[in-house]
Amino acid sequence: MNKKRNALIFVSILMLGSMIFKSCTPEYYAVKKFRESTQVSVLFIPNQVVFKTNSTIQNLYPNFTELPQEIQDTIWNMNTQLLEKVPDSSIVETFYTSFLNLLKESDLRVYDSENMVGFNTNDTNAYILKIAQMEMDEMKQMIPYSQPIDSETELYKEVEINSLTLNVWFELTRAINDTAKPVVLYASYIISDVVKGNFYNTLSGYEFRFKRDDIDTTHILPMSVNAGEMMAQYFFNHILNMYAAYYRSPSDYQFRYIGNYILKGQGYSFYYPTENEQFTIIAKE
């Protein structure tokens, strides 16, 4: 019992120390300054079209678009299970609503088609965020499984899975100068079949046995919800890092990319996103 109590105390001290350390960093100060003093407005403009891509077909038939339409249709139907099952409008609306709902919980002033009358285009802290393109990509791929038997032998098996990726490109411009070249922000969200397998030693030799949970049409709209929330967080962090640069005093300190969870309280909201937890910037002004 004493060991468990001591371990709990040790973990608590580590957590407290980590929080105190983060609260003393220049990055934490930049987040605090941004939240206290900056009023950023964003007008969000959706895109009503979702492009459908099948990477499996692209890989198998490099000249696909040059084939007769009848053959294209046959190849598409044979290799596509999910792309045509849910209307574009449902995917767009689900993503759009999810994105906006979370962003409205942040420190940003968010505008859309319903309240855009109040959006001040002369405000130097006002931005227009437009979805330039949405793409849904279906793909089959092989997932490898291996298990060493001894120093010289290794078992190997590949299992085919289906994946679905939602790619989104955003264009960000200042409202006061919307003729300038936009910053293009890109992110993707992927779901796939889940396979859990192991090699078993049987009387007839080693066998690979597995269970799988396949994605289907019921996963598409929840995917859009999750993608919208994820990218709303990415966008808030992007704005935060843009403005954090203004609060950095000249020094040799290497500032890291910072994040602030929209839905978490002050104590645990500050964090350092990895490269996989932020937008890829395609082009800059």
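The structure this text deals with has already been given above.
Every value quoted in this text rests on a predicted model; they were computed, and no experiment measured them. (Residues numbered from 1 in each chain as written. Predicted model: local features only at pLDDT ≥ 70, side-chain atom pairs only at ≥ 80, totals over all residues. Heavy atoms only, no water.)

## Some details on the overall build of the chain
Move 1: A count of helical and extended segments in the chain gives 6 helices and 11 strands.
Move 2: When the 285 residues of the chain are sorted by exposure, 39% land in the buried category.
Move 3: In the chain, the proportion of contacts linking residues at least 24 apart, taken out of those at least 6 apart, comes to 71%.
Move 4: When the accessible surface of the chain is totalled, it reaches about 17100 Å², and 53% of it is carbon and sulfur. (Helix = DSSP H or I, 4+ residues; strand = E, 2+ residues; numbered from the N terminus. Buried < 20%, exposed > 50% of the residue type's maximum accessible area, 1.4 Å probe, protein only. Contact = heavy atoms within 4.5 Å. Areas by Shrake-Rupley, 256 points an atom, 1.4 Å probe, with all protein chains shown as cover.)

## Thoughts on the environment of Asp193
Move 1: Summarising the element assignment, Asp193 is placed in the loop between β6 (183-192) and β7 (194-202).
Move 2: For Asp193, a relative accessible area of 7% gives the class buried.
Move 3: Taking C-alpha positions, Asp193 is 6.5 Å from Ser163, a pair spaced 30 residues apart along the chain.
Move 4: Apart from residues lying up to four places away in sequence, Asp193 is in contact with Ile161, Asn162, Arg212, Asp213, Asp214 and Ile215.

## With respect to the packing of helix α5 (residues 88-103) against helix α6 (residues 220-244)
Move 1: One way to put it is that α5 packs onto α6 with a least axis distance of 7 Å and a crossing angle of 40°. The element α5 and its partner α6 pack so that their crossing is right-handed. Judged by residue contacts, Ser90, Ile91, Thr94, Phe95, Ser98, Phe99, Leu102 and Leu103 of α5 engage Ile220, Leu221, Ser224, Val225, Ala227, Gly228, Glu229, Met231, Ala232, Gln233, Phe235 and Phe236 from α6. (Axes fitted to C-alpha atoms, helices over the stretch in contact; angles between N-to-C directions. Left-handed = near helix turned anticlockwise from the far one by under 90°.)

## Details of the packing of helix α2 (residues 26-37) against α6
The description of two helices packed together rests on the angle between their axes and the distance between the axes.
Move 1: Running from N to C, α2 and α6 point in directions that differ by 100°, and their axes come no closer than 9 Å. Looking at the two axes, α2 sits roughly perpendicular to α6. Listed contacts from α6 to Ala30, Val31 and Phe34 of α2 are Phe236, Ile239, Leu240, Tyr243 and Ala244.
Move 2: A class-by-class count of the residues in the contact of α2 with α6 yields 8 nonpolar, no polar and no charged. (Parallel < 35°, antiparallel > 145°, perpendicular 65-115°, else oblique. Nonpolar A, V, L, I, M, F, W, Y, C, P; charged D, E, K, R; others polar.)

## A few points about the environment of Leu43
Move 1: Summarising the element assignment, Leu43 is placed in strand β1 (residues 41-45).
Move 2: For Leu43, a relative accessible area of 7% puts it in the buried group.
Move 3: Put simply, Leu43 and Ile128 are 85 residues apart on the chain and 4.8 Å apart in space, counted from C-alpha to C-alpha.

## Things to note about helix α4 (residues 69-79)
Move 1: For α4, the complete set of buried residues consists of Gln72, Ile75, Trp76 and Asn79. Down the axis of α4, the sector holding all buried residues measures 100°, keeping them to one side. Of the residues in α4, the exposed ones pointing more than 90 degrees away from the buried face are Glu70, Asn77 and Met78.
Move 2: Elements that come into contact with the buried residues of α4 comprise β2 (50-54), α3 (55-60) and β4 (126-148). (Arc of directions from axis to C-beta.)

## Digging into the environment of Asn122
Move 1: Within the secondary structure, Asn122 is located in the loop between β3 (109-111) and β4.
Move 2: A sequence separation of 54 residues divides Asn122 from Ile176, and the C-alpha atoms of the two residues are 5.2 Å apart.

## Quick word on the nonpolar core
Move 1: By size, the foremost hydrophobic cluster in this structure holds 58 residues, and its most contacted members are Phe95, Phe99, Leu108, Phe170, Met231 and Phe235.
Move 2: Mapped by element, the contributors of at least two residues to this core are α2, β1, α4, α5, β4, β5 (154-174), β6 and α6.
Move 3: Formed by 7 residues, the second largest nonpolar core is a distinct cluster that contains Val159, Ile161, Val195 and Phe208. (Core = buried A, V, L, I, M, F, W, Y, C linked by side-chain atoms within 4.5 Å.)

## A few points about α2
Move 1: A rise of 1.5 Å per residue sets the reference length of α2, with its 12 residues, at 16 Å; its end C-alpha atoms lie 16 Å apart and thus fit the reference within 8%.
Move 2: Of the residues making up α2, those classed as buried are Glu27, Ala30, Val31 and Phe34. Down the axis of α2, the smallest arc covering the buried residues is 100°, so these residues share one side.
Move 3: Buried residues along α2 sit against α6, β9 (259-260) and β10 (270-271). (Expected span 1.5 Å × (residues − 1).)

## Regarding the side chain of Thr165
Move 1: Relative to the helices and strands, Thr165 resides in strand β5.
Move 2: Among the residues examined, Thr165 registers a relative accessible area of 13% and is labelled buried.

## Things to note about the pattern of salt bridges
Move 1: With the rule as written, the count across this model stands at 6 salt bridges.
Move 2: Ionic pairing is found between Arg109 and Asp123, a salt bridge with its closest N-O pair at 3.7 Å. Placement of Arg109 in strand β3 and of Asp123 in the loop between β3 and β4 is noted, with a sequence separation of 14 residues between them.
Move 3: A residue is classified by how much of its surface remains accessible, and Arg109, at 34% relative accessible area, is partly exposed.
Move 4: The partner of Glu207 in a salt bridge is Arg209, with the nearest N and O atoms 3.5 Å apart.
Move 5: By relative accessible area, Glu207 is classed as partly exposed at 32%. (Salt bridge = Lys/Arg side-chain N within 4 Å of Asp/Glu carboxyl O.)

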